[in-house]
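Given next are the chains, with one letter for each unit.
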Amino acid sequence: MTDVTTPSQTDVMPICGDDYPLTEKQQKLMALARQLGREKFAPRAAQLDRDAQFPFANYDDLRDSGLLALCVPEAHGGQGADYATYAMVSAEIGRYCGATALTFNMHVCTMLWSGLLSEDLDMTPEQRASHRQHQATHFARVVKDGAIYAQPFSEGGAAAAGAQPFGTLAVKVDGGWKINGKKIFASLSDAAHYFGVLCTEKKPDADLSRRDTLYLAIPRTAPGLTVEGDWDPLGMRATVSRNLVFKDVFVPDDAALMPQGLYFQAASRWPHMFMTLSPTYMGIAQAAYDFTVAYLRGEIPGTGPVKRRQFATKQIAVAEMFVKLEQTRNLFLRAIEDAQVDPSKSTRLRAYAAQYTIMENAQDIARLAIRTCGGQSMLKSLPLERLYRDARCGSLMLPWTAELCLDRIGRDALYEPGEKDE
Ligand SMILES: Cc1cc2nc3c(=O)[nH]c(=O)nc-3n(C[C@H](O)[C@H](O)[C@H](O)COP(=O)(O)OP(=O)(O)OC[C@H]3O[C@@H](n4cnc5c(N)ncnc54)[C@H](O)[C@@H]3O)c2cc1C
């Protein structure tokens, strides 16, 4: 099957816009992501999507290019990318293969959370010292062994939405933890070497509490861990997000990706940590727009010489798409620059608004692209119908689904902390 993901123009619109002030490092990493995306990921995307197969070859490329260690600090041999740089690189990858970008998020952000982000959190000197040792273990696995980490948090209940403690439980035992429970939708389930699992520490004689959330890396080879279930979804098919079951799985103390109690602090103080799925969909929105322009200009190979750009309705539709794309891009860029510990209320609300806008506009831009380009554009030999299906998945991702973003904006805009109605 031929897949033409990129327009034939050699100079497509940069994901951050033409004049965005990228650092030298960002320029280098973005160029690398674009090259891999155009030359390697785009040509493979259709078959992986059709067969719902994980993009193993893309991950070999990410490993060989050093991008697997994007957010591993330079001192540990990684690229040392910060939050905004990760988001830009991820969006660039998302233009060419949504499933690769989405799974790249799970892996890279495990390193970001355990690394750069955790530097901003309060720890005792003892916690900091043991965290340093654990970090070194995880970073070395990625840099030296090329290991891939996943982020399976969802359980099908209210825990992944942040509303109750995780039902996957860890009990302290000699030298480590014993884990029992189940996770659903574990992207990278066929590929990850380690699953970064959120679970609740079950303390004797105490109720389960979100404050006791643990973040532990479980090796896929750990006895008692099984990957189960089918994977045949509408979109993001190459993420291969099957279920994980843990039955008396033991992990040693150095499996900790954050010290005890630190995940709860991170979730409360570093809200942008939950916005990291959205760059994938920024990339998809851009790809749907790029495709539409190239298609209407008659530049997509194999779609005939007919040009349709002369019709006013097409021009208006492209203009509408462009307006939505620019609204999306500008909120995206502002929110990724904002990301920091303890943001102000308005910054936090803007992060929800950015996530909502990116996830909803990606779908809308993909919808407009199909309506505007017409029937031939949704043939499976072209990427648009995949972009349309992949775009549909963004607003469903917990904890910041489109619904929950509105929920939080509405509540936080109307109530100050501690305020209640009679
Ligand atoms: C392609 C794909 C890949 C994924 N990969 C991963 C992954 O790697 N790791 C991972 O952890 N998860 C992953 N997920 C799961 C995802 O983050 C969600 O957990 C999942 O889509 C929720 O599905 P559900 O049917 O259980 O939703 P439900 O929990 O039933 O929620 C349905 C909707 O109800 C709303 N809702 C839920 N809880 C509340 C609440 N407490 N208050 C108000 N409204 C609420 C939300 O808007 C939600 O969209 C993936 C999902 C997809 C589609």
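What you are looking at is a predicted structure, and each value in this text was computed from that prediction instead of being measured. (Residues numbered from 1 in each chain as written. Predicted model: local features only at pLDDT ≥ 70, side-chain atom pairs only at ≥ 80, totals over all residues.)

Things to note about the pairing of strand 2 (residues 169–173)
- Both strand 2 and strand 3 (residues 176–186) contribute to a ladder of 5 bridges, which runs antiparallel. Residue pairing across strands places V173 opposite G176, the latter belonging to strand 3.
- Linking strand 2 to strand 3, which pair antiparallel, is a turn of 2 residues; within it G175 sits at a positive phi near 80°.
- Of the strand pairs in this sheet, strand 2 and strand 4 (residues 194–201) are connected by 2 bridges, and their pairing is parallel. Its bridge partner lying in strand 4, A170 is registered against E201. (Pairing = 2+ DSSP bridges. Helix = DSSP H or I, 4+ residues; strand = E, 2+ residues; numbered from the N terminus.)

Observations regarding helix 2 (residues 56–65)
- Considered for burial, the residues of helix 2 that qualify are N58, Y59, D61 and L62. For helix 2, the angular spread of the buried residues around the axis is 155°, confining them to a single face.
- Buried residues in helix 2 make contact with helix 1 (24–51) and helix 4 (98–114).
- Immediately downstream of helix 2, the backbone of G66 shows phi near 90°, a positive value. (Buried ≥ 20, exposed ≤ 12 C-beta atoms within 10 Å, placed from the backbone. Arc of directions from axis to C-beta. Contact = placed C-beta atoms within 7 Å.)

Some points on the domain arrangement of the protein
- According to the domain assignment, the protein consists of domain 1 (24–145), domain 2 (149–260) and domain 3 (270–412).
- In this structure, domain 1 and domain 2 have C-alpha centres spaced 20 Å apart.
- Counting residues at the interface gives 26 residues for domain 1, matched by 21 residues for domain 2.
- For the side of domain 1 that touches domain 2, the elements supplying multiple residues, two or more each, are helix 1, helix 2, helix 4 and helix 5 (125–145).
- The element contributing the most residues to the side of domain 1 that touches domain 2 is helix 4, with 9 residues.
- Classifying every residue of the side of domain 1 that touches domain 2 by side-chain character gives 11 nonpolar, 14 polar and 1 charged. (Domains from an automatic or database assignment. Nonpolar A, V, L, I, M, F, W, Y, C, P; charged D, E, K, R; others polar.)

Topic: the pairing of strand 5 (residues 213–219)
- In terms of residue burial, strand 5 counts as a mostly covered element, since 6 of its 7 residues are buried.
- Alignment of strand 4 against strand 5, held across 7 bridges, turns out to be antiparallel. Bridge pairing links L198 to Y215 in strand 5.

Considerations on the site of the ligand
- The immediate surroundings of the ligand are formed by 24 residues, with S154, F185, S187, T401 and E403 found nearest.
- A total of 3 residues in the shell around the ligand trace back to one element, the largest contributor, which is helix 11 (residues 402–414).
- Here the shell around the ligand is built from residues that sort into 15 nonpolar, 7 polar and 2 charged.
- Built from parts of two domains, the shell around the ligand gets at least three residues from each of domain 2 (149–260) and domain 3 (270–412). (Near = placed C-beta within 6 Å.)

Points about helix 7 (residues 278–296)
- The end-to-end C-alpha distance of helix 7 is 27 Å, a good match for the 27 Å that 19 residues give at a rise of 1.5 Å each.
- Counting buried residues in helix 7 gives 18 out of 19 residues, a clear majority hidden from the surface.
- Where helix 7 ends, the next residue or the one after it, G298, has phi of about 75°, a positive value. (Expected span 1.5 Å × (residues − 1).)

Some words on the packing of helix 9 (residues 345–373) against helix 10 (residues 384–393)
- Orientation of helix 9 relative to helix 10, taken along the N-to-C sense of each, is 155°, at an axis distance of 8 Å. By the angle between their directions, the pair helix 9 and helix 10 is classed as roughly antiparallel. For helix 9 against helix 10, the interelement crossing comes out left-handed. Packed against helix 9, whose contacting residues are A362, Q363, A366, R367, A369, I370 and C373, the element helix 10 presents L384, L387, Y388, A391 and R392 at the interface.
- Considered class by class, the residues forming the contact of helix 9 with helix 10 number 9 nonpolar, 1 polar and 2 charged. (Axes fitted to C-alpha atoms, helices over the stretch in contact; angles between N-to-C directions. Parallel < 35°, antiparallel > 145°, perpendicular 65-115°, else oblique. Left-handed = near helix turned anticlockwise from the far one by under 90°.)

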